[in-house]
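Coordinate analysis (summary)
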Amino acid sequence: MKPAPITAAPLDAAARKAIAPLVCYPVETLPRPDLARYRAVRDDVTLVERLVIPPREAGTWTVPAGHFCRILCIEGPQVADLNLFNLNNLEERFYSGKTRALNGTHVGLGDQLFSSFPHMRPMATITHDTLDWYGFDDFGGAVHDVIGTRCDPYTHNLLSHGGQYHHCCHSNLTRAFAAHTGKPLAEAERYIHDVLNVFMCTGFTRDTGQYFMKASPVRVGDYLEFFAEIDLLGCMSVCPGGDCSSEHSSDVAACHPLAVEVWRPAALPEGWAPAPENGYDRSHGL
Ligand SMILES: [Zn+2]
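The numbering scheme is per chain: residues are counted from 1 as the chain's sequence reads. Only residues with pLDDT of at least 70 get local features here, since the model is predicted, and only at 80 or more are side-chain atom pairs given and counted; chain-wide, interface and lining totals rely on the full set of residues. Values shown for side chains rest on all heavy atoms present in the structure; no hydrogens or waters enter the calculation.

The protein carries the name DUF1989 domain-containing protein in an unreviewed UniProt entry, which gives Paenirhodobacter enshiensis as its organism.

Below you can see the structure in the form of structure tokens.
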């Protein structure tokens, strides 16, 4: 529990709290993708790869720029932790924090997933989401969050007073990334980054601001689809939390596999080209 305040409120406390918020990054100035152009090419597509990732494990796959990728619920409600890399430069990774600052706490149709500095550009554009009907529920919960980092054995060790659990998403991602790249485990671990929590339903409690999760509304047949703006390496863990209705960081929750599909469209979206590197000159004032 957090301690109660020890500072008396000032006389104008109510007035200070009544100031209306401003959105930090006005969406009017954020270049947005022309979603209609992407969706115009997604009906004529050819499946080029499909993998099924078992529960409490992670898998890797590649998505060439200009291809669609779908993450599918195939057997039962289940959430996943997604990492994305530039296939040609693994130092360029998905930047959960900036994606959150630009799009909000949860991502969906038409949002773009941004990469880390100094590259900072759209890596992927979300082109279909069968859970887009969900919006925000009465608790402030929504799906596909970019707030929840990833479940990991270090936090588990801290909270369980010494517990050792090896199938948190962080470890699953580390093993899969190491296997794909041939990097030693300790080096591979440093590439694992904060995730897009696919299908996970989360929010912050209104009274205490604490991160919460609840049973995912995802059902068999649902999927999240994105279009690759650059060549991508995907790495995704099928979370030991299952649908996150009870707990994670254990083997208790019922878990289900998830499928990943890569689809090549017959034509590219009109006027589309791979996303260029960020235009900042990196002189930092010197
Ligand atoms: Zn997890």
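**Points about the overall build of the protein**
Only DSSP runs of H or I with at least four residues qualify as helices, and only runs of E with at least two residues qualify as strands; both kinds are numbered from the N terminus onward. Helix and strand counts for the protein stand at six helices and 13 strands. Compactness check: the protein gives a C-alpha radius of gyration of 20 Å against a globular reference of 19 Å for 286 residues, within 12% of the reference. Principal-axis analysis of the C-alpha atoms places the extent of the protein at approximately 65 × 45 × 45 Å. When a residue's accessible area, from a 1.4 Å probe over protein chains only, is under 20% of the maximum for its type it is buried; when over 50% it is exposed; and in between it is partly exposed. Taking all 286 residues of the protein together, 49% fall into the buried category. By definition, residues are in contact when any of their heavy atoms lie within 4.5 Å. Sequence-distant contacts, at least 24 apart, represent 76% of the contacts inside the protein between residues at least 6 apart. Where accessible areas are quoted, they stem from the Shrake-Rupley method and a 1.4 Å probe; at the residue level, only the protein chains shown are allowed to cover. On the protein, roughly 14400 Å² of surface is accessible, and the fraction owed to carbon and sulfur atoms is 57%. Each charge class in the protein can be summarised by its mean position, and for the 23 positive and 33 negative side chains these summaries are 3 Å apart. Only the C-alpha atoms count toward the radius of gyration. The rule for a globule is 2.2 Å times the residue count to the power 0.38. When charges are counted, neither His nor the chain ends are considered; positive counts come from Lys and Arg and negative counts from Asp and Glu. Charged groups are reduced to one reference atom each: NZ for lysine, CZ for arginine, CG for aspartic acid, CD for glutamic acid.

**Side note on the pattern of salt bridges**
Salt bridge, as used here: a side-chain nitrogen of Lys or Arg that lies within 4 Å of a carboxyl oxygen of Asp or Glu. Going through the model one piece at a time under the given rule, you end up with 14 salt bridges. Taking the shortest distance from any N to any O, the salt bridge between Arg16 and Asp12 comes out at 3.0 Å. In this structure, the salt-bridge partner of Asp34 is Arg37, at a minimum N-O distance of 3.1 Å. Note on Asp34: relative accessible area 38%, which makes it partly exposed. What makes Arg37 partly exposed here is its relative accessible area of 36%. Within this structure, Arg42, Arg70 and Glu225 form a network of salt bridges that share partners.

**Digging into helix H5 (residues 169–181)**
Each residue after the first adds 1.5 Å to the expected span of a helix. The terminal C-alpha atoms of H5 lie 18 Å apart, and with 13 residues this matches the ideal 18 Å at 1.5 Å per residue to within 8%. Looking at the buried residues of H5, the elements they touch are strand E2 (58–63), strand E4 (80–86), strand E5 (89–93), helix H4 (153–159), helix H6 (185–189) and strand E12 (232–238).

**Details of the sheet that holds strand E11 (residues 223–228)**
Strand pairing is assigned whenever DSSP detects at least two bridges linking the two strands. Taken in spatial order, the six strands line up as E1-E13-E3-E11-E7-E6 in an open sheet, and their pairing is antiparallel. With one partner strand each, in any of the chains shown, strand E1 (45–53) and strand E6 (112–114) form the two edges of the open sheet. Taking the axes of each pair of neighbouring strands and ignoring which way they run, one obtains an average angle of 25 degrees across the sheet. In the sheet, strand E3 (residues 68–73) pairs with E11 via five bridges, with the strands oriented antiparallel. Looking across to E11, one finds that Ile71 is bridged to Leu224. Lines fitted to C-alpha atoms define the axes, with helix axes restricted to the stretch in contact, and inter-axis angles between N-to-C directions lie between 0 and 180 degrees.

**Thoughts on the nonpolar core**
In this text, buried Ala, Val, Leu, Ile, Met, Phe, Trp, Tyr and Cys residues form a nonpolar core when linked through side-chain atoms within 4.5 Å. If you look at the biggest cluster of nonpolar residues, it comprises 44 residues, and the most contacted ones within it are Trp61 and Phe199. Per element, the largest residue contribution to this core is five residues, and it comes from strand E9 (residues 196–204). In contact with Trp61, other than residues within four places in its own chain, are Glu49, Leu51, Ile53, Cys69, Leu82, Leu232, Leu233, Gly234, Cys235, Met236, Val260 and Val262. In terms of nonpolar packing, the next biggest core, distinct from the first, is built from 12 residues, Phe85, Ala188, Leu233 and Cys235 among them.

**Observations regarding the state of the cysteines**
When two cysteine sulfur atoms lie within 2.5 Å, the pair is treated as a disulfide. Counted by the stated rule, this structure contains zero disulfides. Cys244 takes part in no disulfide bond, and the closest cysteine sulfur to it belongs to Cys239, at a distance of 4.6 Å.

**Points about the coordination of the zinc ion**
Metal coordination angles have textbook ideals: 109.5 degrees for a tetrahedral set of four donors and 90 or 180 degrees for an octahedral set of six. Atoms are scored as donors when they are N, O or S and lie within 2.8 Å of the metal, with 3.2 Å used for Na, K and Ca; no water is included, so coordination may look incomplete. Here the zinc ion is held by the protein donor atoms Cys151 (SG), Cys169 (SG) and Cys239 (SG), which lie 2.2 to 2.3 Å from it. In this structure Cys151 comes out as buried when scored by relative accessible area, which is 9%.

**Quick look at the UniProt feature "domain: DUF1989" (unreviewed entry) in the protein**
UniProt positions are given in the numbering used here, feature names are shortened, and annotations may be inferred rather than shown by experiment. Taken from the UniProt record, the annotation "domain: DUF1989" (unreviewed entry) applies to residues 52–233. The distance from the first to the last C-alpha atom of residues 52–233 is 16 Å, and the span holds 18% helix and 34% strand.

**Some points on helix H3 (residues 96–103)**
Among the residues of H3, those classed as buried are Ser96, Lys98, Thr99, Leu102 and Asn103. Across the axial projection of H3, the buried residues extend over an arc of 165 degrees, all falling on one side. Those residues of H3 hidden inside the fold are in contact with E6. Just downstream of H3, Gly104 is the residue with a positive phi angle, here 110 degrees. By arc we mean the arc of the directions from the helix axis to the C-beta atoms, nothing more.

**Re the side chain of Asn197**
In this structure, Asn197 sits in strand E9. Asn197 gets classed as buried once you look at its relative accessible area, which sits at 2%. Excluding residues within four positions of it along the chain, Asn197 makes contact with Ala80, Asp81, His144, Asp145, Gly148, Thr149 and Tyr211.

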